[in-house]
Amino acid sequence: MKFCKLIFCVLFLAIFSSLSAQNQWQYYFDQPASIWEESVPLGNGRIGMMPWGGVDRERIVLNELSLWSGNEQDADNPDAHKYLGEIRQLLFEKKNKEAQELMYKTFTCKGEGSSGPDYGKFQNFANLYVDFIYPDNSQPMKYKRTLDMNNALSTVSYTKNNIDYKREYFTSFSDDIGVIKYTANQSKALNLRISLQRDENFKTYASGNSLYIFGQLEAGKDHTGMKYLGMVKVVNKGGALSATDKEIGIKNANEVTLFVSMATNYNGIDHERLVSDLLNKAGDNYDNLRKAHIAEYQKLFNRVDLTLGKNKNSGLPISKRLEAFVNDKTDYDLAALYMQYGRYLLISSTRPGGLPPNLQGLWAPQIHTPWNGDYHLNINLQMNLWGAEMFNLSELHLPTIEYVKSLAEPGGKTARIYYDSRGWVTHILGNVWGFTSPGEHPSWGATNTAGAWMCQHLWEHYLYTQDKEYLRSVYPTMKGAALFFEDMLIEDPNNGYLVTAPTTSPENAYITPSGDVVSICAGSTMDNQIIRELFTNISQASDILDLDKEWVKTLLVKKERLAPTSIGKYGQVMEWLEDYEENEIHHRHVSQLYGLHPGYELTYEKTPELMEAAKVSLNRRGDQSTGWSMAWKINFWARLKDGNKAYKLIGDLLKPAENSWGTYPNLFSAHPPMQIDGNFGGSAGIGEMLLQSHEGYIELLPSIPDGWKDGNVKGFKVRGGAEVSFDWKNGKVQHIDITAHTGNEFILKLPVGTPEISGTKNYSIHGDKLHLSLNKKDKVKINIK
């Protein structure tokens, strides 16, 4: 009898383990990196490393998220508001070209804007070089270089001179330092030299068993630049260590471990003390550091999992796997890998108390980063956070939310100076110094709904968490954004609508009846959709918090006077108030579909005609574009419930980038050059294909392609405050688990079949909707027969 019980327990544990075990998520290369886009990204939300894995010379690119040149500049033009009335009058008189010309003269930021030293840029911290010395020049064998996303580790292994060499790297989530370990299976096999370098503004030296790099960045005239310090402590087992002025050498060691600490004096931090304190606290027990790091990281990563089908290509090196995917799309697991890679990158590039991920995430090999490695606010920063809530990483939304809150003060000054308005505003450009002025080129820099768009993130975090105290803390920021538009909106005498003027449809241009190519306009479709959403969210927040009831009534009156989203002569969603021809029909931005995604003004239930018009707009725009644009289109087609089309866009996004759009060998997204928003947007799009909750109910498998016949989702979050897991076979959902993180009513669109519900009796079925009234921590299981 005891034997039977033992067998039962073993079987139970085996089954439980198989159900709860995390899939293995990794990719590998069979050769060292020859370009940065072949190196692998490691990060803990503050510091980053990207090892190249060279056999003779190892390069490890080091980054620290706060390392910026520039300063807190006053970029607002104090005379700008004097010209606001004239600019508007020209727009209302259909003299759009003249309005744009006047804006170039009067309605931009002071100085050089984003191209100047005051604005600054995110920069590479340093390059760590390790040169290896071998007995001879024989070729390495069995080379393998891996990114292990389950553990946030990278490894390199190879055989040379009949000796097996291994390297392991991680950026510690528990101890906030970088750690690198070199070993070999023979004693005295490690001979190497270690140095630190940077392209500009640095000094370096070696002392004892430590290397140092430090400097101060450019900040513009009469300003003190940011200071930084990096330190590498070298610990060897066996052999001898020696130091020259700028280099540490190791001879005949059995094992070598590098401990890397980096910091800046951003926000007044004592960076020199922090660097040494982190190293002293971490100690040098590699196994303990590794174990603590993995445990801390997995608290985030292991919340979500996805299973899709594999094929013969799934085990290839990642560069060859991407090449094979061009012609064989049955490697469905590659999409699952890409989704989890997006989660991995977000976990690695931001953390509570820190900064949001920028255009580079937190990784950059150069001083002069593309587009300054800044915060572009007309889709790019927003896209970085699209998956944060759905992918069960709500706390990683907080750095971006705090960043938005920080813009209210400088944005209030900008609102007064440019628009004579209350509240606060920001435009397309953002840096760590609180820049909120219009950009230096009105054609792209005049968009003034960036702050309102960012407020969607403040509201979405509440929808997923249902945290009323949090909502109370962000309500003033949302209110300030709404106050700005309450004052700034003006009646267009040509149609009676309230419009934003001047504005743009981000980065796109239209052709006027006289043939002029112009960007500046009054009341773009995206602006109207964003402001409608903002006023609606403020109204709901007001009800929840019992605040500003009378004031909200005035907003809702103004909301009704905004121009509705309209259909143009081609059957498309119009991008501007007038049905202009686009100057660039295949433009990367599809701003007029904001209301489809990330907003949810457009749905089949509420606006079926506009959903069809959205398809026309997307087909006119075309599929192939920059990496982030194709990622956005995955989300669009997911909302349009066309899984095959969305999957076709995944194929386009994952096309190997060869001086063009697509995906680099290490899975970084190519604008080109690299821009991380494509990774985050593509990952979020895959999530939207699997689950949606924006229409007031939970819908499973709303838009999967025909090939995803079987699969499993674990740990997705939904609006309302719950976690959902489910599996499906032959395209039909089999089992659903719902865990309430807060007491609420949840509505589930029932899959085809008969539901068997356990875990609660507080439910009712109305048509194809299951209504569940759940308390916090309730767990409901639904089997579909």
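Residues numbered from 1 in each chain as written. Predicted model: local features only at pLDDT ≥ 70, side-chain atom pairs only at ≥ 80, totals over all residues. Heavy atoms only, no water.

Next up on the list: the overall build of the protein. What the protein contains, in helices and strands, is 19 helices and 36 strands. If you line up the protein on its principal axes, its C-alpha atoms span 85 × 80 × 50 Å. Taking the intrachain contacts of the protein between residues at least 6 apart in sequence as the baseline, contacts between residues at least 24 apart amount to 68%. For the protein, the accessible area works out to roughly 29500 Å², and carbon and sulfur atoms hold 49% of it. Positive and negative charge centroids in the protein, built from 82 and 91 side chains respectively, lie 6 Å apart. (Helix = DSSP H or I, 4+ residues; strand = E, 2+ residues; numbered from the N terminus. Contact = heavy atoms within 4.5 Å. Areas by Shrake-Rupley, 256 points an atom, 1.4 Å probe, with all protein chains shown as cover. Lys, Arg positive; Asp, Glu negative; His and termini not counted. Charge placed at Lys NZ, Arg CZ, Asp CG, Glu CD.)

Sheet faces and side chains relate simply in a regular strand, where the side chains alternate between the two faces. Burial along strand β11 (residues 203-207) is one-sided: Thr204 and Ala206 are buried, and none of Lys203, Tyr205 and Ser207, which face the opposite way, are. Taken together, the five bridges between β11 and strand β12 (residues 210-216) define a ladder with antiparallel strand orientation. When the sheet's bridge partners are listed, lysine 203 is paired in β12 with phenylalanine 214. Once β11 ends, the chain turns through two residues before running back antiparallel as β12, passing glycine 208 with a positive phi of about 60°. (Buried < 20%, exposed > 50% of the residue type's maximum accessible area, 1.4 Å probe, protein only. Pairing = 2+ DSSP bridges.)

This structure, assessed with the given rule, holds 38 aromatic pairs. Both rings, one in tyrosine 27 and one in phenylalanine 29, keep their centres 5.9 Å apart while their planes meet at 90°; by these two values the pair is edge-to-face. Look at tyrosine 27 and you get buried, because its relative accessible area is 2%. Between the aromatic rings of tyrosine 341 and tyrosine 344, the centroid separation amounts to 6.3 Å while the plane-to-plane angle is 15°, which identifies the pairing as stacked. Here the residue tyrosine 341 and the residue tyrosine 344 both occupy positions in helix α7 (residues 333-349), the gap between them amounting to three residues, near one helical turn. (Phe/Tyr/Trp six-rings, centres within 6.5 Å; stacked < 30°, edge-to-face > 60°.)

This part covers the side chain of asparagine 448. Looking at where asparagine 448 falls in the secondary structure, it is placed in the loop between α11 (442-445) and α12 (450-465). Using a relative accessible area of 0% as the deciding quantity, one classes asparagine 448 as buried.

Where helix α2 (residues 84-92) meets helix α3 (residues 96-106), the closest approach of the two axes is 7 Å, and the angle between their N-to-C directions is 160°. In terms of orientation, α2 and α3 fall into the roughly antiparallel class. Of the two elements, α2 crosses α3, and the hand of that crossing is left-handed. In this structure, α2 uses Glu86, Ile87, Leu90 and Leu91 to contact α3, whose residues at the interface are Asn96, Glu98, Ala99, Leu102, Met103 and Thr106. Within the contact of α2 with α3, the residues separate by chemical class into six nonpolar, two polar and two charged. (Axes fitted to C-alpha atoms, helices over the stretch in contact; angles between N-to-C directions. Parallel < 35°, antiparallel > 145°, perpendicular 65-115°, else oblique. Left-handed = near helix turned anticlockwise from the far one by under 90°. Nonpolar A, V, L, I, M, F, W, Y, C, P; charged D, E, K, R; others polar.)

It is worth spelling out unusual backbone geometry at this point. Omega for the peptide link from histidine 597 to proline 598 comes to 10°, which places this bond in the cis form. Counting through the fold element by element, proline 598 comes out in the loop between β24 (581-582) and α16 (608-621). Of note in this structure, asparagine 372 is not a glycine but carries a positive phi near 65°. Following the sequence through the fold, asparagine 372 ends up in the loop between α7 and β18 (375-376). Here the phi dihedral of asparagine 730 falls at roughly 50°; this positive angle occurs in a residue that is not glycine. Counting through the fold element by element, asparagine 730 comes out in the loop between β30 (722-729) and β31 (732-740). A relative accessible area of 58% means that asparagine 730 is categorised as exposed.

For the rest of this paragraph, the subject is the sheet that holds strand β23 (residues 517-518). Taken together, three strands build an open sheet; the order of strands is β23-β22-β24 and the sheet is antiparallel. Here the strands that pair on one side only, and so sit at the sheet edges, are β23 and β24.

Turning to α7, a few remarks are in order. Counted at 1.5 Å a residue, the expected span for α7 with its 17 residues is 24 Å, and the 24 Å between its end C-alpha atoms agrees. Counted residue by residue, α7 has 17 buried out of 17 residues, so it is predominantly covered. (Expected span 1.5 Å × (residues − 1).)

This part is about the environment of lysine 717. Here lysine 717 lies in strand β29 (residues 711-718). Lysine 717 sits 413 residues away from valine 304 along the chain, and the two C-alpha atoms are 9.3 Å apart. Excluding anything up to four places from it in sequence, lysine 717 contacts Glu389, Met390, Asn392, Ser394, Tyr464, Thr465, Leu691, Ala722 and Glu723. Side chain to side chain, lysine 717 and serine 394 meet in a polar contact 2.8 Å long. (Polar contact = N/O pair within 3.5 Å; in protein donor to acceptor, adjacent residues only side chain to side chain.)

The tally for this structure, following the rule as stated, stands at 48 salt bridges. As a salt-bridge pair, lysine 413 and aspartate 74 come within 2.6 Å of each other at their nearest N and O atoms. Within this pair, whereas lysine 413 is found in helix α10 (residues 408-419), its partner aspartate 74 is found in the loop between β4 (57-64) and α2, the two being separated by 339 residues in sequence. Classification of lysine 413 as partly exposed rests on a relative accessible area of 28%. Given the relative accessible area of 44%, aspartate 74 is considered partly exposed. Put simply, arginine 351 and aspartate 176 hold a salt bridge, and the shortest N to O gap is 2.9 Å. One end of the pair, arginine 351, is in the loop between α7 and β18; the other, aspartate 176, is in the loop between β8 (163-171) and β9 (178-184), with 175 residues separating them in the sequence. Classification of aspartate 176 by relative accessible area gives buried; the value is 12%. (Salt bridge = Lys/Arg side-chain N within 4 Å of Asp/Glu carboxyl O.)

Strand order in the open sheet made by the seven strands is β2-β3-β4-β5-β10-β15-β14, with antiparallel pairing throughout. Where the open sheet ends on each side, the last strands, each with one partner, are β2 (42-43) and β14 (240-243). Pairing between β2 and strand β3 (residues 47-51): two bridges, direction antiparallel. By the bridge assignment for β3, leucine 42 is matched with methionine 49.

Next up on the list: the state of the cysteines. Under the counting rule described, the total for this entry stands at zero disulfides. Its sulfur unpaired, cysteine 109 is 20 Å from the next cysteine sulfur, which belongs to cysteine 521. A relative accessible area of 6% means that cysteine 109 is categorised as buried. (Disulfide = S-S within 2.5 Å.)

Viewed as axis vectors pointing N to C, helix α9 (residues 398-406) and helix α13 (residues 468-488) meet at an angle of 35°, and their least axial separation amounts to 9 Å. For the element pair α9 and α13, the recorded crossing hand is left-handed. Along its contact with α9, which presents Ile401, Val404 and Lys405, the element α13 presents Tyr470, Ser473, Val474 and Thr477. When the residues that make up the contact of α9 with α13 are grouped by side-chain class, the tally is four nonpolar, two polar and one charged.

Our focus in this paragraph is helix α17 (residues 627-639). An α-helical segment advances 3.6 residues per turn. Residues three or four places apart therefore align on the same side. In this model α17 runs 19 Å from its N-terminal to its C-terminal C-alpha over 13 residues, within 8% of the 18 Å that 1.5 Å per residue would give. The buried count for α17 comes to 13 of 13 residues, which makes it a mostly enclosed element. At the C-terminal side of α17, lysine 641 shows a positive phi close to 65°.

Moving on, we get to the confidence of the model for the protein. Across the protein, the average pLDDT comes to 96, with 97% of residues at or above 70. The model gives residues 1-19 a pLDDT under 50, and that stretch makes zero contacts with residues more than four places away or in other chains. (pLDDT = per-residue confidence, 0-100.)

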